[in-house]
Amino acid sequence: MDKYKKSNELLKKARELTPLGAQTYSKSFRYYCEGYSPSFIERGKGSHLWDVDGNEYIDFVCALGPITVGYNDERINEAIIKQLEKGIIFSQPSPISIELAEKLVEIIPCAEMVRFVKNGSDATEAAVRLARAYTGKDIIVSCGYHGMHDWYIGSTANHRGIPKEIRQLTKSVDYNNAGALEKLLSEYEGQIAGVILEPIQGNGPEEGYLQRLRELTQENGAVLIFDEVVSGFRYAMGGASELYNVAPDLIAFGKGMANGMPISAVAGKKEIIDLISEGVFVSTTFGGETLSMAAAIKTIEILETENAFEKFWSLGKHMKEGLENLISQNNLGDVLLISGLGPHCGLIFKGIGDLSYLDINTTYQQKMIEEGILSLGINNINLSHSKEEIDAYLIAADMGMHDIKKAINNNSIAGMTKGGKIEPIFKR
Ligand SMILES: Cc1ncc(COP(=O)(O)O)c(C=O)c1O
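Residues numbered from 1 in each chain as written. Predicted model: local features only at pLDDT ≥ 70, side-chain atom pairs only at ≥ 80, totals over all residues. Heavy atoms only, no water.

## Digging into the packing of aromatic side chains
No. 1: If you walk through the whole model with that rule in mind, you get nine aromatic pairs.
No. 2: Ring centres of F309 and F312 lie 5.6 Å apart, and the angle between their planes is 80°; on these two criteria the pair is classed as edge-to-face. Of the two residues, F309 and F312 both sit in helix α12 (residues 308–329), three residues apart, roughly one turn of that helix. Judged on exposure class, the residue F309 and its partner F312 are both buried. (Phe/Tyr/Trp six-rings, centres within 6.5 Å; stacked < 30°, edge-to-face > 60°. Helix = DSSP H or I, 4+ residues; strand = E, 2+ residues; numbered from the N terminus. Buried < 20%, exposed > 50% of the residue type's maximum accessible area, 1.4 Å probe, protein only.)

## Re the site of the ligand
No. 1: Neighbouring the ligand are the residues N119, G120, S121, Y145, H146, G147, E198, D227, V229, V230 and K255.
No. 2: Between the ligand and G120 there is a distance of 2.8 Å, counted from an oxygen atom to a backbone nitrogen or oxygen.
No. 3: Take D227: an N or O atom from its side chain is 2.7 Å from a nitrogen atom of the ligand.
No. 4: For the ligand, whose unbound accessible area comes to 390 Å², protein coverage reaches 80%.
No. 5: Its residues placed into classes, the shell around the ligand shows three nonpolar, five polar and three charged. (Near = heavy atom within 4 Å. Polar contact = N/O pair within 3.5 Å; in protein donor to acceptor, adjacent residues only side chain to side chain. Areas by Shrake-Rupley, 256 points an atom, 1.4 Å probe, with all protein chains shown as cover. Nonpolar A, V, L, I, M, F, W, Y, C, P; charged D, E, K, R; others polar.)

## Topic: the sheet that holds strand β14 (residues 378–380)
No. 1: The antiparallel open sheet is built from three strands, whose spatial order is β11-β12-β14. Because the sheet does not close on itself, it has two edges, and the strands there are β11 (336–341) and β14. Going from strand to strand, the sheet's axes swing by 20° on average, the running direction of each strand aside.
No. 2: As judged from the three bridges shared by strand β12 (residues 344–349) and β14, these two strands associate in the antiparallel manner. Opposite G346, over in β14, you have I378 as the bridge partner. (Pairing = 2+ DSSP bridges. Axes fitted to C-alpha atoms, helices over the stretch in contact; angles between N-to-C directions.)

## Quick notes on the domain arrangement of the chain
No. 1: The assigned domain composition of the chain is domain 1 (5–71 + 308–410) and domain 2 (89–288).
No. 2: Taken together, the contact pairs 21 residues of domain 1 with 16 residues of domain 2.
No. 3: A buried area of about 1,400 Å², summed over both sides, lies between domain 1 and domain 2, and 54% of it is on carbon and sulfur atoms.
No. 4: Three residues stand out in domain 1 for area buried against domain 2, namely P66, F309 and L341, and they jointly supply 39% of the buried area on that side. (Domains from an automatic or database assignment. Contact = heavy atoms within 4.5 Å. Buried area = accessible area lost by both parts, 1.4 Å probe.)

Next comes the structure, spelled out in structure tokens:
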């Protein structure tokens, strides 16, 4: 029996109708073993997903970050339904937008004012435009991934369709390298409007790094923006600025703030955000949509009352320690690296001999899927994950590592793969 029959049929049809058959690159078949893995999900509950063929998975992808409480949470559903009964969106703002803004200002240390948008990209775009307007300068320094808008994606290898003039206005620096920023600030003296970075990347900031960025931006009249689209609502209630006690000027939030409902926000200093009142254009039709706001308020309440972050760190620690033991027992330190802090951690794959990192990744992921675990290497922990589920993940990971050893012994994955090879479209 073909375990993925319906998924494969739907994928064939979807690819005729929409590029890659998915709306998000990292959710497409390119990131899984095509033909021998699920391509469409029917439903979710807590930490579990069911694909269209009825196969069940413990999910550690969390929809690429948005799921912080768990799929299909009754309490959040109830909050959404209660708001739905009043209406989704109106001709003027709803009071619920004030309630949510007030909550964000309360929990985020440096937030004095908030503007709601929809995607993480909208929030980072808004922050960058505000930084340029506030400083009257054009160049942006970026560090991390920041979304699909021209100012950022144009500066990457994925820049097709973006004019050279725009691409030249964004410079990138490596994470944990304050010296690189110092160099750029001197090379482009008086021209840098802002520095935007994901404050937590890989194993997190080295001691003093974020503080140094704060000093450098202040000294050079540049706006410091934390892109907390991934780190927000995953590591600490107030995000990285709370965790590391560094106050940026602006912060972009998205993904995890409403447990999957589409809402994002740019928050920060009033004197910068309020430029939106003076014509710095940040305005969208659906910015005030209320179902997502109701979901965000309930999500934040649950995260606060259930000690979510303590739990994320402790389950993540269990996962990391388990992975460490398995890598050492299987002697795979040359091809598997542990990356990330507890709430957002997992494996990074490296090539060896004739095997590319994608061969290693494919071999591992095929086994994880066979064992009912959905993971993209780096995992997100949510409130409905249990210690037992992390243990199930580790048992599957051990089996995946056995397969990796076989592939290394053969110096090939030929004959081992039952589906396609993972082939990211996204060039990093
Ligand atoms: C750090 C970071 N910033 C911004 C974005 C863009 O968010 P969205 O895809 O919701 O536009 C992402 C998306 O993955 C992200 O990881």
